[in-house]
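Commentary on secondary and tertiary structure
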Number of protein chains: 2
Amino acid sequence: MSVTIKDIAKESGVSYSTVSKALNDSPLVKPDTKKKVLQAAEMLGYTPNFAAKNLVSKKSRTIGLVWPAIDRAALTALVSKINELVTAQNYFMILSVDAADKAVGMFKGFQVDGIVIFEEGKETKLPPQAAASVPILTYGVSGEHVHPIIDVNHRKAIHLAVQHLTELGHSSISFIGSTDPGDKRQEEKLSGFYEAMNFSGLSVSEERIGSTNGLSWYDGYLAARKLLTDSKPTALISGSYDISVGILRAAKELNIRIPEDLSVISYDNIPQMASLETELTSVGVPIDSLAEKMVSSLLSLIQQPDSISHTQLMEPELAAGKSAAPPKKHL
Amino acid sequence: MSVTIKDIAKESGVSYSTVSKALNDSPLVKPDTKKKVLQAAEMLGYTPNFAAKNLVSKKSRTIGLVWPAIDRAALTALVSKINELVTAQNYFMILSVDAADKAVGMFKGFQVDGIVIFEEGKETKLPPQAAASVPILTYGVSGEHVHPIIDVNHRKAIHLAVQHLTELGHSSISFIGSTDPGDKRQEEKLSGFYEAMNFSGLSVSEERIGSTNGLSWYDGYLAARKLLTDSKPTALISGSYDISVGILRAAKELNIRIPEDLSVISYDNIPQMASLETELTSVGVPIDSLAEKMVSSLLSLIQQPDSISHTQLMEPELAAGKSAAPPKKHL
DNA sequence: TTGTAGGCGTTATCAC
DNA sequence: GTGATAACGCCTACAA
């Protein structure tokens, strides 16, 4: 069928073990021979068989990335960046959009050297715990897991947002996000909001919190509509990119201009934001830092298990856009 | 390291070939033995080694999907659907975000049974042609390729759009899309527009065409701004989802209401559209039909090469939204 | 019904 | 420098 090193051996008139060496650029083979072999391989259109290679070497130089929610646009940039970084380290990366448990099983079957899991909030379908045979790194869901985790200091991020708004002169600040008690990530944001508001000596009544039932733009839209008609905040902090989309839509329908009538700070600074009507000011960890941390962590985990601490919290930054401005006096 | 069938054999007190049979649910093994083996496997946390399995069977029951432009949101729904369908057929699917040539090489290394390539317009980096050893199906780039192609009847799609608009009473209709001569797909749309307009007896002067330099929302935005200020069409047909986003933004800035002042018909009916400010009317092939066609084609291609015709054109439909309405009299 | 043996494509360890 | 040869984990005749 497919061309193997034996075919190359036949073609170039050497033994197949020599071919193997030549192909791996071993110093134990004469340059002449090497060239000859390489040419034959080229000519025959040889592709190495990873299955065989992995079988003997026990290494695949491949990492698997589990990403069940590919429609969550927020992560595409991160995934691309990670791919770039592992490629630079001479690794392959393959993705799966299956649920974590299934994907992990598949990846293990393919002998990947390491796995990254992008879990979505509460959907914590932890992979079979017995499956400790391959390094697994999880993005974002602290707690539950046995595996090392890269997480964002969500609390701090919200602090930054509140701080920015108070510095601009806002005091009537609301938060819109999921208050689902099962979602640790969202909980962090919410309690970060309370903390920061208290710290600034601002009141936080219940009506200052726009509670969404989910994380889609529509959830944000509904919550924003309610919040913006009930109370009249001068500033809004959003718990996620998608929610921000909903907020923009609600504001538009209510004829509320941003940032003239309402300041908005979004969560996560991602490229997709560029396509929104308004250039959003946002808080979050820069994609590049995240990707670098994740890749370096996973690789060191591959080289020596237990080499990294269980949870690593990344520090967020504020990215200035055009959606936050000083409040108008007496709206 | 990892647990193998030999470990299971030892554990359950049978030979490893019996284990192999039991694991594959062969009828040649006594139910009792089978149960015993299965339990042992479960207990030990056995994961089959695909590398070894593929090596001997020459089949991986895995298909690879090449998707370099994961940030093109338009395709996530299609990818998810395809994954769903192949899973139902007991296949695995892995993705790569690398360029087509690299990804194909990798997938072949992993011994995938078939490959789907999502090419983006003109970036036709055709994989090494010698590489005919695995069935490859391409989405959307007719011409060039040697591999079977699933394509959309773009011409017809635009016809539908024009027809819908004329039925609503529009006669001043413009098209915004890429006129890059290297992009076959875009060319089709443009010539479809000319055809349909002629068929309806409508004039198409140069100024009716909004030519973009690319396919991003910003390209659409620029073109739309120009078009909407220069001429005053009552309806606009967009060549892509991203361009539609730009059109919406431009219209907003110019205080043009949709659909009151301007009807817009977008391209591709995808879930992401739900997050836009305006619910767009669109033309395109329903995601589900596309996914089904692609999967069934690939699988039959795997079973018997040359079993499907080279190019298959899918028929588009019009999906009614809220962005197309009768024109106002005398704007 | 179960066990034995050969081989899948590759690398690595030896002799030559 | 180069060429046999033994693994790697699994499947599949074929033998018992």
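This one's a predicted model, so the numbers in the text were calculated from it and none came from an experiment.

Formed by 153 residues in total, the largest nonpolar core has its most connected members in Leu78(A), Ile82(A), Phe118(A), Leu78(B), Ile82(B), Phe118(B) and Phe193(B). The contact partners of Phe193(B), leaving out residues within four places of it in the chain, are Ile158(B), Val162(B), Ile173(B), Ser174(B), Phe175(B), Val204(B), Ile209(B) and Ile237(B). By size, the runner-up hydrophobic cluster in this structure holds 28 residues, among which are Val66(B), Val112(B), Ile115(B) and Ile136(B).

With that settled, the discussion passes to the protein's contact with DNA strand D. Surrounding DNA strand D, one finds 25 residues, the nearest of these being Thr18(A), Lys21(A), Lys58(A), Ile5(B) and Tyr46(B). Considering the 4 Å shell around the protein, atoms of DNA strand D inside it are sugar or phosphate in 61% of instances. Within the contact set of DNA strand D, a phosphate oxygen lies 2.7 Å away from a side-chain nitrogen or oxygen of Tyr46(B). For the surface near DNA strand D, the secondary-structure elements that each account for two or more residues are α2 (16-23) and α4 (50-57) of chain A together with α2 (16-23) and α4 (50-57) of chain B. For the surface near DNA strand D, the leading source of residues is α2(A), giving four residues. The residue inventory of the surface near DNA strand D, partitioned by class, reads 12 nonpolar, nine polar and four charged.

All names here are of chain A. Of all the five residues making up strand β9 (residues 263-267), five are buried; the element is thus mostly covered by neighbouring parts of the structure. Residues Ser-263, Ile-265 and Tyr-267 of β9 are buried on one face, and the alternating residues Val-264 and Ser-266, pointing to the opposite face, are buried as well. Pairing between strand β8 (residues 235-238) and β9: three bridges, direction parallel. Along β9, the bridge assignment pairs Ile-237 with Ile-265. Handedness of the crossover joining β8 and β9 through helix α10 (residues 241-253): right-handed.

Another aspect to go through is the relation of the copies chain B and chain A. When chain B is fitted to chain A, the residual RMSD is 0.2 Å, and the transformation amounts to a turn of 180° plus an axial shift of 0.1 Å. Each copy turns onto its partner about a two-fold axis.

The subject of this paragraph is the UniProt feature "domain: HTH lacI-type" (unreviewed entry) in chain A. In this numbering, the UniProt entry assigns the feature "domain: HTH lacI-type" (unreviewed entry) to residues 3-57 of chain A. A helix fraction of 69% and a strand fraction of 0% characterise residues 3-57 of chain A, whose end C-alpha atoms lie 20 Å from each other.

Around DNA strand C lies a shell of 26 residues, among which Ile5(A), Ser20(A), Tyr46(A), Thr18(B) and Lys21(B) are the nearest. Each atom of DNA strand C within 4 Å of the protein was classed as base or backbone; sugar and phosphate made up 63%. One of the backbone nitrogen or oxygen atoms of Ile5(A) is found 2.7 Å away from a phosphate oxygen of DNA strand C. Looking at the surface near DNA strand C, the elements with two or more residues in it are α1 (5-12), α2 and α4 of chain A together with α2 and α4 of chain B.

Let's shift gears to the side chain of Thr278(B). As for its placement among the helices and strands, Thr278(B) is situated in the loop between β9 (263-267) and β10 (281-284). Apart from the residues within four sequence positions on either side, Thr278(B) is in contact with Leu248(B), Ile258(B), Met273(B) and Ser323(B).

Right, let's talk about helix α6 (residues 100-109) of chain A for a bit. For α6(A), the buried fraction is high: seven of the 10 residues fall into the buried class. Of all the positions in α6(A), only Ala100(A), Ala103(A), Val104(A), Met106(A), Phe107(A), Lys108(A) and Gly109(A) are classed as buried. Lining the buried residues of α6(A) we find β1 (62-66), β2 (92-96), β3 (114-118) and β4 (136-139) of chain A together with α4 and β2 (92-96) of chain B. Phi turns positive, to about 65°, at Gln111(A), one or two residues after α6(A).

Per the counting criterion, the structure on display carries 12 aromatic pairs over all chains. Put simply, the rings of Phe50(A), Phe92(A), Phe110(A), Phe50(B), Phe92(B) and Phe110(B) touch in pairs and so form one group of aromatic residues. Arg61(A) extends its terminal NZ or CZ atom over the ring of Tyr91(A), reaching a point 4.2 Å from the ring centre.

Attention shifts here to the pattern of salt bridges. Residue and element names in this part refer to chain A. Evaluated as defined, the whole model comprises 22 salt bridges over all chains. With a shortest N-O distance of 2.3 Å, Arg-155 and Glu-195 are connected by a salt bridge. Of this pair, Arg-155 sits in helix α7 (residues 154-168) while Glu-195 sits in helix α8 (residues 184-199), placing them 40 residues apart in sequence. In this structure Arg-155 comes out as partly exposed when scored by relative accessible area, which is 25%.

What counts and how
Note on numbering: residues in each chain are counted from 1, in written sequence order. Naming scheme: in the order in which they are written, chains are lettered from A and ligands are numbered from 1. Two thresholds apply to this predicted model, a pLDDT of at least 70 for residue-level local features and 80 or more for giving and counting side-chain atom pairs, whereas whole-chain, interface and lining totals are computed over all residues. By convention in this description, side-chain values take in all heavy atoms of the structure and omit both hydrogens and water. Residue types Ala, Val, Leu, Ile, Met, Phe, Trp, Tyr and Cys, when buried and joined through side-chain atoms within 4.5 Å, form a set referred to as a nonpolar core. Only protein chains enter the calculation, and the probe is 1.4 Å; a residue is then buried if its accessible area is under 20% of its type maximum, exposed if over 50%, and partly exposed in between. The contact rule is simple, with two residues in contact once any of their heavy atoms fall within 4.5 Å. Whether a residue is near a molecule or strand is decided by its heavy atoms; if any one of them lies within 4 Å of it, the residue is near. Two N or O atoms count as a polar contact when they lie within 3.5 Å, although within protein this holds only if one can serve as hydrogen donor and the other as acceptor, and sequence-adjacent residues are included solely when both atoms are side-chain atoms. Put simply, DSSP marks the helices as runs of H or I at least four residues long and the strands as runs of E at least two long, and each gets a number from the N terminus on. Ten residues, namely Ala, Val, Leu, Ile, Met, Phe, Trp, Tyr, Cys and Pro, are considered nonpolar, four, namely Asp, Glu, Lys and Arg, are considered charged, and the remaining ones, Gly among them, are considered polar. Pairing between strands requires that DSSP locate at least two bridges from one strand to the other. When the strands point away from the viewer and the path from the first strand over the helix to the second turns clockwise, the crossover is right-handed. Alignment of the copies relies on least squares applied to C-alpha atoms, considering only residues that score at least 70 for pLDDT in both. UniProt positions are given in the numbering used here, feature names are shortened, and annotations may be inferred rather than shown by experiment. A pair of aromatic rings is counted whenever rings of Phe, Tyr or Trp (Trp by its six-membered ring) have centres within 6.5 Å, and the orientation is called stacked for planes under 30 degrees apart, edge-to-face for over 60 and tilted otherwise. Charge-over-ring contacts are defined here by two conditions on Lys NZ or Arg CZ: a distance within 6 Å of the ring centre and an angle within 35 degrees of the ring normal. What makes a salt bridge here is a side-chain nitrogen of Lys or Arg within 4 Å of a carboxyl oxygen of Asp or Glu, nothing more.

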